[in-house]
Amino acid sequence: MNKEDILYWLKDASESELDLLWQKAHEETVEYAGNEVHLRGLIEISNHCKRGCTYCGINRSMKKLKRYRMSADEIMSCAYNALELGYGTVVMQAGEDAGVKKEFIEDIIKRIKDETGLAVTLSLGMRPEDELTAWKNAGADRYLLRFETSDRQLFDTIHPEPGKDLPSRLELLRSMKSMGYETGSGVMIGIPGQSWSSVADDILMFRELDLDMIGLGPYLPHPETELGHMDAEMHKADEIKSDELTVCRVLALARIVCPWANIPATTALEVQSGTAGRSHGLMRGANVIMPNLTPAEYRVLYDIYPHKGDCMDPVLFDKYIKELIASLDKKPGQGKGGRNRVI
Ligand code: 5AD
């Protein structure tokens, strides 16, 4: 697909034509991932953040937010929960927190690998290369770092930080690949000021980066953030929408351009559109779910967008999601569930 084709399916194709897009995306999903849906246990290990991303509810200027950092034992207890529920991977995510030290993560990766054998994904922001290398050597398998938008100007507007521009993030993603990480990235859809054309470029960027994992969801305004306030002022005439159908179009196109990728039906999609959002996601290109295993007391503080922490407790969610997976004639994935190949 070239940019023109992508833009057509993104913006112009009518709802009745979209069945073709869903069908193609689902065919590719089945060809590469079968009918398995991999479950990755998400552990939000710290909500401290030194960055000022204007859309994010845990950015450094959220002075009222109570901050936490989980202990190694607390993290291990979540990893054991993942193991018991039959998941193949844990994802450790945090704000960009210098208080989460290189050695702490090295030790916890080793413990998780030794004691549980689970695959380990990290999502800890833009960290120095020596730390990324140390964590790879300790046994980490994958790293997630969204580029959020491929529009340089919009990127700079929502990440007002000198030296932390889009090219440096893309370069870091490329370094992660060369270090041997399975590398994931992605975007938000419907950021104020985001054009249809830039999202078509985002999709082409997924392919250019040869991503192993792609995470995308709607932008959900957080009322306490700068962008959440300014919302109305920034709108452009050709701005992309953030509704469920638009997000599904992006998801399906991501699957078609990178059929090998692991793509979650994200929590943001479910927060926006409920169970229908998740099941549409799983039938339109997604093959991964990331159940939240963060202890309830911390989950509510990992407030990147409204209602993020409202999700069910792990055991209840597990039952709910496995029923949903079965209702779609799919089954929970076995094993670590790395990058897919034609099966
Ligand atoms: N709405 C939707 N997604 C958000 N994220 C951060 N803030 C928001 C928001 N307000 C996403 C970003 C980030 C990921 C962890 O959460 O894409 O990379």
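In short, a report on the structure. The structure presented is a predicted model; accordingly, all values stated were derived computationally and were not measured.

## Thoughts on the site of the ligand
Part 1 of the reasoning: Contacts to the ligand come from Tyr55, Cys56, Gln93, Arg146, Glu148, Met188, Pro218, Tyr219, Leu220, Ile304 and Tyr305.
Part 2 of the reasoning: Separating a nitrogen atom of the ligand from a backbone N or O atom of Tyr55 is a distance of 3.0 Å.
Part 3 of the reasoning: The separation between an oxygen atom of the ligand and a polar side-chain atom of Glu148 is 2.6 Å.
Part 4 of the reasoning: Starting from 410 Å² of accessible surface for the ligand in isolation, the protein chains cover 87%.
Part 5 of the reasoning: Across the shell around the ligand, the residue classes break down as eight nonpolar, one polar and two charged.

## What about the packing of helix α10 (residues 244–257) against helix α11 (residues 267–283)?
Part 1 of the reasoning: For the pair α10 and α11, the least separation of the axes is 10 Å and the interaxial angle reads 50 degrees. When the axes of α10 and α11 are compared, the pair comes out oblique. Handedness of the α10/α11 crossing: right-handed. Contacts between α10 and α11 involve Glu244, Val247, Cys248 and Leu251 from the first element and Leu269, Gln272, Ser273, Ala276, Gly277, His280 and Gly281 from the second.
Part 2 of the reasoning: Split by residue class, the contact of α10 with α11 holds five nonpolar, five polar and one charged.

## Describing the packing of aromatic side chains
Part 1 of the reasoning: With the rule as written, the count across this model stands at five aromatic pairs.
Part 2 of the reasoning: Plain terms: the ring middles of Tyr8 and Trp9 are 5.4 Å apart, the flat faces sit at 80 degrees to each other, and that makes the pair edge-to-face.
Part 3 of the reasoning: Of the residues examined, Trp9 reaches a relative accessible area of 18% and is grouped as buried.

## Focus on the pairing of strand β3 (residues 119–123)
Part 1 of the reasoning: Most of β3 sits out of view: five of its five residues are buried.
Part 2 of the reasoning: Here β3 shows no split at all, with Ala119, Thr121 and Ser123 on one side and Val120 and Leu122 on the other all buried.
Part 3 of the reasoning: Here five bridges tie strand β2 (residues 89–94) to β3, and the two strands are oriented parallel to one another. Each residue of the ladder has a partner; that of Thr89, found in β3, is Ala119.
Part 4 of the reasoning: Each parallel crossover has a hand, and the one from β2 via helix α4 (residues 102–116) to β3 is right-handed.
Part 5 of the reasoning: In this fold, the crossover linking β3 to strand β4 (residues 142–144) by way of helix α5 (residues 129–137) has right-handed handedness.

Calculation notes
Residues numbered from 1 in each chain as written. Predicted model: local features only at pLDDT ≥ 70, side-chain atom pairs only at ≥ 80, totals over all residues. Heavy atoms only, no water. Near = heavy atom within 4 Å. Polar contact = N/O pair within 3.5 Å; in protein donor to acceptor, adjacent residues only side chain to side chain. Areas by Shrake-Rupley, 256 points an atom, 1.4 Å probe, with all protein chains shown as cover. Nonpolar A, V, L, I, M, F, W, Y, C, P; charged D, E, K, R; others polar. Axes fitted to C-alpha atoms, helices over the stretch in contact; angles between N-to-C directions. Helix = DSSP H or I, 4+ residues; strand = E, 2+ residues; numbered from the N terminus. Parallel < 35°, antiparallel > 145°, perpendicular 65-115°, else oblique. Left-handed = near helix turned anticlockwise from the far one by under 90°. Contact = heavy atoms within 4.5 Å. Phe/Tyr/Trp six-rings, centres within 6.5 Å; stacked < 30°, edge-to-face > 60°. Buried < 20%, exposed > 50% of the residue type's maximum accessible area, 1.4 Å probe, protein only. Pairing = 2+ DSSP bridges. Right-handed = clockwise from strand over helix to strand, strands pointing away.

Geometric values such as these leave the question of function open.
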